[in-house]
Amino acid sequence: MRIIVYGVGAIGGTVAVALALSGREVVGIARGAQLAAIRADGLLLRTPALEARARFDCRADPTEFALRTDDAILLTMKSQDTVAALERLQAAGLRDQPIFCVQNGVANERSASQRFANVHGVAVMMPAGYDRPGEVAVFATPRLGIFDIGRYPEGRDGADDALAEALNAANVAAFVTETVMESKYGKLLMNLNNIVAATLGETARQGRFPGLLRAEAEAAFQAAGIRWRDVGASDPRRAALLRREEIAGVVRIGDSSTQSLARGAGSIETEYLNGEIVRLGRLRGVP
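These numbers were taken from a predicted model, which means no experiment stands behind them.

Asker: What am I meant to see in the overall build of the protein here?
Answerer: Regarding its fold elements, the protein presents 11 helices and 14 strands. Relative to the compact-globule value of 19 Å for 287 residues, the protein shows a C-alpha radius of gyration of 18 Å, a close match. When its C-alpha atoms are laid out on the principal axes, the protein stretches across 50 × 45 × 35 Å. Looking at the protein residue by residue over its 287 residues, the buried ones come to 55%. Taking the contacts inside the protein whose residues are at least 6 apart along the sequence as the reference set, 73% of them involve residues at least 24 apart. Of the accessible surface of the protein, which amounts to about 12,300 Å², a share of 49% is contributed by carbon and sulfur atoms. Counting 34 positive and 33 negative side-chain charges, the protein places the centres of these two groups 2 Å from one another.

In structure tokens form, the structure reads like this:
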């Protein structure tokens, strides 16, 4: 399995470096200063336990190289960039290869399944950061993250098992599940607070807004008949596999939305996080 990491930011960059260091064949797709930095010097990964640099092939567009039948495509861009990426994969001739939505929110799988049949979800628990070209950081130990993997909308197959095997060998704890969207809806509950921290600061996470947002979301889920799995602090896997730790000399700016604002990215994915609850509420009559 060759692994195509489409979007080499905080999550995609960490995954690409980890896989490359473990001996996997990786092709990254990046843009701008990040692409230039990776081509010049590779990508540096910092964690509480190590600092390692990996070099791997990195391109600006999937049409710049020939896709293979043994490719697995990992979408790791923000949700607002997914449709454009899917269009570029169509232009590159992607057909039957598995596409893994290694992203927050639950809209990416829907978009991918409108164009491709072999779609998989990945719920991502990885406190990663990216604020300068050529470097990514993960504030966790002993594993880099916890990923739940499965087919969309449900089920599992050999591609899920193969990716999980590759990730586990790269120090990312990967679990295959037949109900991956339950994990993704559970992660969505956590990501509803991204906009709270981005607009009001991290201390606002301790205020009244997170509770209101969660209650609203749970009401919408229940009205829509959506099941979810708790992947937050009460998930027993976190204590053993994903403990938050600082990295000497590295400051984590905040979650992915705050990082997008800090980098001047021009957009954040709130529409695909809180906006999903708005959509469900309108469909199901939940104010």
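There is more to say after this.
Asker: Where do I start with the side chain of Ser183 in this structure?
Answerer: Assignment of secondary structure puts Ser183 in helix H6 (residues 180-191). Given a relative accessible area of 0%, Ser183 falls into the buried group. Ignoring sequence-local partners within four residues, the contact set of Ser183 consists of Ala123, Asp148, Arg229 and Val231.

Asker: How should I be thinking about the sheet that holds strand E4 (residues 51-54) in this particular structure?
Answerer: Each strand in a sheet pairs with its neighbour through backbone hydrogen bonds, running either in the same direction (parallel) or in the opposite one (antiparallel). Taking strand neighbours across the sheet as the criterion, the four strands line up as E4-E3-E10-E9 in an open arrangement whose pairing is mixed. Strand pairing shows two members of the sheet lacking a second neighbour, E4 and strand E9 (128-132), which therefore form its edges. Recorded for the sheet is a direction-independent mean angle of 25 degrees between the axes of neighbouring strands. Examined bridge by bridge, strand E3 (residues 43-46) and strand E10 (residues 135-138) share three bridges and lie parallel to one another. Paired with Leu44 across the two strands is Glu135, which belongs to E10. Sitting on the sheet, helix H1 (residues 10-21) is in contact with E3, E4, E9 and E10, with an inclination near 85 degrees to E4.

Asker: Is there a simple way to think about the pattern of salt bridges in this case?
Answerer: Two side chains of opposite charge can pair, provided their charged atoms sit close to one another. Under the counting rule described, the total for this entry stands at 22 salt bridges. Note that Arg227 is salt-bridged to Glu182, the shortest N-O span being 3.4 Å. Taken together, the residues span a long stretch of sequence, with Arg227 in the loop between helix H8 (209-224) and helix H9 (236-241) and Glu182 in helix H6 at a distance of 45 residues. Taking the relative accessible area as the measure of exposure, Arg227 reaches 61% and is therefore exposed. Several salt bridges converge on common partners, so that one network encompasses Arg46, Glu51, Arg132 and Glu135.

Asker: Quick question: what am I supposed to make of the state of the cysteines here?
Answerer: Put plainly, a disulfide is one covalent bond tying together the sulfur atoms of two cysteines. Counting across every chain of the model gives zero disulfides. With no disulfide of its own, Cys58 lies 20 Å from the sulfur of Cys101, the closest cysteine sulfur. According to the relative accessible area criterion, Cys101 is buried, its value standing at 0%.

Asker: Would you take a moment to explain the sheet that holds strand E13 (residues 173-176) for this structure?
Answerer: Spatial ordering of the open sheet is given by E5-E2-E1-E6-E7-E8-E12-E13, a layout of eight strands whose pairing is mixed. Strands at the two margins of the open sheet, each flanked by one partner only, are strand E5 (57-59) and E13. When strand polarity is set aside, the average angle formed by the axes of neighbouring strands in this sheet is 20 degrees. Note that strand E1 (residues 2-6) and strand E2 (residues 26-29) share four bridges and pair parallel. Residue pairing across strands places Ile3 opposite Val26, the latter belonging to E2. Sheet strands in contact with helix H3 (residues 82-91) are E1, strand E6 (71-75) and strand E7 (99-102), and its direction is about 160 degrees off that of E6.

Thresholds, definitions, all that
- Residues numbered from 1 in each chain as written.
- Predicted model: local features only at pLDDT ≥ 70, side-chain atom pairs only at ≥ 80, totals over all residues.
- Heavy atoms only, no water.
- Helix = DSSP H or I, 4+ residues; strand = E, 2+ residues; numbered from the N terminus.
- Rg over C-alpha atoms; globule rule 2.2 N^0.38 Å.
- Buried < 20%, exposed > 50% of the residue type's maximum accessible area, 1.4 Å probe, protein only.
- Contact = heavy atoms within 4.5 Å.
- Areas by Shrake-Rupley, 256 points an atom, 1.4 Å probe, with all protein chains shown as cover.
- Lys, Arg positive; Asp, Glu negative; His and termini not counted.
- Charge placed at Lys NZ, Arg CZ, Asp CG, Glu CD.
- Pairing = 2+ DSSP bridges.
- Axes fitted to C-alpha atoms, helices over the stretch in contact; angles between N-to-C directions.
- Salt bridge = Lys/Arg side-chain N within 4 Å of Asp/Glu carboxyl O.
- Disulfide = S-S within 2.5 Å.

Geometry only, nothing functional implied.
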